[in-house]
Amino acid sequence: MKKLMNQRWFIALVFMVLYKPAMFSQMPALHTFDTISNVFKVMVIAVLGVWFVYFYQKVSLFFVGIVFFEVWRVLATIYCGGNYTSLFIAILNALAICLVVEMGLKTDPDALLDGASFTLGLFVLINFATVLLFPQGMYEFNTFTQNYFLGYRNNSIMLFFPAIIFSIVRSLRKYNKLTLSSFVITAVSFATVILAFSATSVIGMTVFTLFLLLALINKMPNFLNIITYLAINIAYFFGVIILRLQEAFAFIIVDMLGRDLTFTGRTKIWDSALAAFAKSPVFGVGEIENQASRDLIGATHAHNYYLDLLYKSGPAVLTRPLRSGSMMGFKGFFDPFPHPEILTLPHKSQGRRKQNRQDRVASPPHRPQHTFCNNAGMEGQQRSSIEIHPGDMVRIPE
């Protein structure tokens, strides 16, 4: 059974189930198919869990942190009498994605990258086609009309990022360059957020693409790392959401940019979410239905990730993104080249005879830019014999 993790088609099917497009859950005409797919999803999640316990057993510290995060959300929701039924499915789905990635990395990284890139890339292309065919939206759901294959226009970006990363890592690992497929997935993702226009998504995709390009050409400034990212997020949270320092820059935001200081009504939502948290500062209000959320804060979510976690599950859940980020950040800060195995381990097409070949290209000292590859759960894989020193730029053997 473990051999299935070596099969690209199996990985692709698993990702299709776990990343089921929102359209199937939101369109009434597809209700029967959605019910069947949910049953199949539960079966897949159960099988993955059993496989992991039986064949792999050891989990990464990041996975342990995610489990703690999700368990606390469940406990908070049960304590507050919230909607824990749908929460269970969402949590199991998230944990299953983490499991299949860990198992894939430990069993056959090439199969994982190929299968995941195929499915996520296919979904990106189909979603783009629906945006072109239905500019005003494909269907209506919860009063929102700009819904497409992957759901509401704002939410599709959550699949774009992993699709781009899987595709680019696959290209670098197998071909030591960006391939046409990775370029197409990135370009189509960018075009989608522009056509479906969501200002937040456009800004997020622009920043993501800019940093990605800087990393690929090895021009990422040393000060731009996970530590500064967390610092900026924390500063934004306290400065804008709590202290409302944007009012001091009204001459720029209002006079020059023509925007309002409420960020299109978000400040009222933030105030309501903070008030809800103040009434239950330990567990928050729990996960609640969309309508209950609208009644409580005026929106289905708090329009800020940290605030949404805070008011729904209390301050304990904030330890997950902060701890995970700080762990990655300090590791990268003190270890200038922390084992980018997923790029350096030879893939099958190279043959074992090249496994011990050294092919290093000297470059000025720098910090690793492919941070999404660092120490990616590869403890169980055979290490490459390529010797890596700080300041070396690794080239995949040809």
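Quick caveat, the model's predicted, so the values are computed rather than measured.

Caption draft 1: Region of interest: the overall build of the protein chain. Each helix and strand in the protein chain was counted, giving 16 helices and 5 strands. Split into buried and exposed, the 398 residues of the protein chain put 45% on the buried side. The contacts of the protein chain with a sequence gap of at least 6 include a subset with a gap of at least 24, amounting to 74%. Carbon and sulfur atoms make up 68% of the accessible area of the protein chain, which amounts to about 20700 Å² in all.

Caption draft 2: Local environment of the environment of Pro162. Relative to the helices and strands, Pro162 resides in helix α7 (residues 157–175). Each residue touching Pro162, except ones within four places of it in the same chain, is listed here: Tyr19 and Leu120.

Caption draft 3: Expanded view of the packing of aromatic side chains. A complete count under the given rule lists 12 aromatic pairs for this structure. Both rings, one in Phe123 and one in Phe149, keep their centres 5.7 Å apart while their planes meet at 65 degrees; by these two values the pair is edge-to-face. Remark: Phe149 occurs in the loop between β2 (144–148) and β3 (151–152) and Phe123 occurs in helix α6 (residues 109–133); sequence separation between them is 26 residues. Summarising the burial analysis for this pair, Phe123 and Phe149 share the class buried. On the numbers, 5.3 Å between centres and 90 degrees between planes, the contact of Phe237 with Phe238 is edge-to-face.

Caption draft 4: Looking closely at the pattern of salt bridges. Tallied over the full model, the rule gives 11 salt bridges. The closest approach of N and O atoms between Arg73 and Glu70, which form a salt bridge, is 2.8 Å. Taken together, the positions of Arg73 and Glu70, both in helix α4 (residues 61–80) and 3 residues apart, correspond to about one turn of that helix. Neither Arg73 nor Glu70 differs from the other in exposure class; each is buried. The residue Arg73 makes a salt bridge to Glu287 at a minimum N-O spacing of 3.1 Å. One end of the pair, Arg73, is in helix α4; the other, Glu287, is in the loop between α12 (266–279) and α13 (290–297), with 214 residues separating them in the sequence.

Caption draft 5: Representation of the nonpolar core within the structure. Core analysis: the largest hydrophobic core is formed by 54 residues, its most contacted members being Met5, Phe15, Leu18, Leu48, Val100, Met103 and Leu159. Of all hydrophobic cores here, the second largest spans 24 residues; its members include Trp270, Ala273, Ala299 and Tyr306.

Caption draft 6: Structural view of unusual backbone geometry. We note that Arg244 has phi near 55 degrees; this positive angle belongs to a residue other than glycine. Note that Arg244 resides in the loop between α10 (226–242) and α11 (250–256).

Caption draft 7: Quick look at the side chain of Arg244. Overall, Arg244 belongs to the buried group, its relative accessible area being 14%. A polar side-chain atom of Arg244 sits 3.2 Å from the main-chain carbonyl oxygen of Val240. A distance of 3.0 Å separates a polar side-chain atom of Arg244 from the backbone oxygen of Ile241.

Caption draft 8: Fine view of the packing of helix α1 (residues 8–18) against helix α5 (residues 84–107). Contact geometry of α1 with α5 gives a least axis separation of 10 Å together with a crossing angle of 160 degrees. Taken together, α1 and α5 sit at an angle that is classed as roughly antiparallel. With respect to the hand of their crossing, α1 and α5 are arranged in left-handed fashion. On α5, the residues touching Ile11, Val14, Phe15, Val17 and Leu18 of α1 are Asn93, Ala96, Ile97, Val100 and Val101.

Caption draft 9: Broad picture of the packing of α12 against helix α14 (residues 305–313). One can describe the packing of α12 onto α14 by two numbers: an axis separation of 8 Å at closest approach and a directional angle of 35 degrees. Note that α12 runs across α14; the crossing there is left-handed. Facing α12, whose interface residues are Trp270, Ala273, Leu274, Ala276 and Phe277, α14 presents Leu307, Leu310 and Tyr311.

Caption draft 10: The arrangement of the pairing of β2 in detail. Pairing between β2 and β3: 2 bridges, direction antiparallel. If you follow Tyr148 over to β3, its bridge partner there is Gly151. In this structure, the hairpin formed by β2 and β3 is closed by a connection of 2 residues.

Conventions we followed
Residues numbered from 1 in each chain as written. Predicted model: local features only at pLDDT ≥ 70, side-chain atom pairs only at ≥ 80, totals over all residues. Heavy atoms only, no water. Helix = DSSP H or I, 4+ residues; strand = E, 2+ residues; numbered from the N terminus. Buried < 20%, exposed > 50% of the residue type's maximum accessible area, 1.4 Å probe, protein only. Contact = heavy atoms within 4.5 Å. Areas by Shrake-Rupley, 256 points an atom, 1.4 Å probe, with all protein chains shown as cover. Phe/Tyr/Trp six-rings, centres within 6.5 Å; stacked < 30°, edge-to-face > 60°. Salt bridge = Lys/Arg side-chain N within 4 Å of Asp/Glu carboxyl O. Core = buried A, V, L, I, M, F, W, Y, C linked by side-chain atoms within 4.5 Å. Polar contact = N/O pair within 3.5 Å; in protein donor to acceptor, adjacent residues only side chain to side chain. Axes fitted to C-alpha atoms, helices over the stretch in contact; angles between N-to-C directions. Parallel < 35°, antiparallel > 145°, perpendicular 65-115°, else oblique. Left-handed = near helix turned anticlockwise from the far one by under 90°. Pairing = 2+ DSSP bridges.

In short, the description is geometric, and any link to function would need to be established separately.
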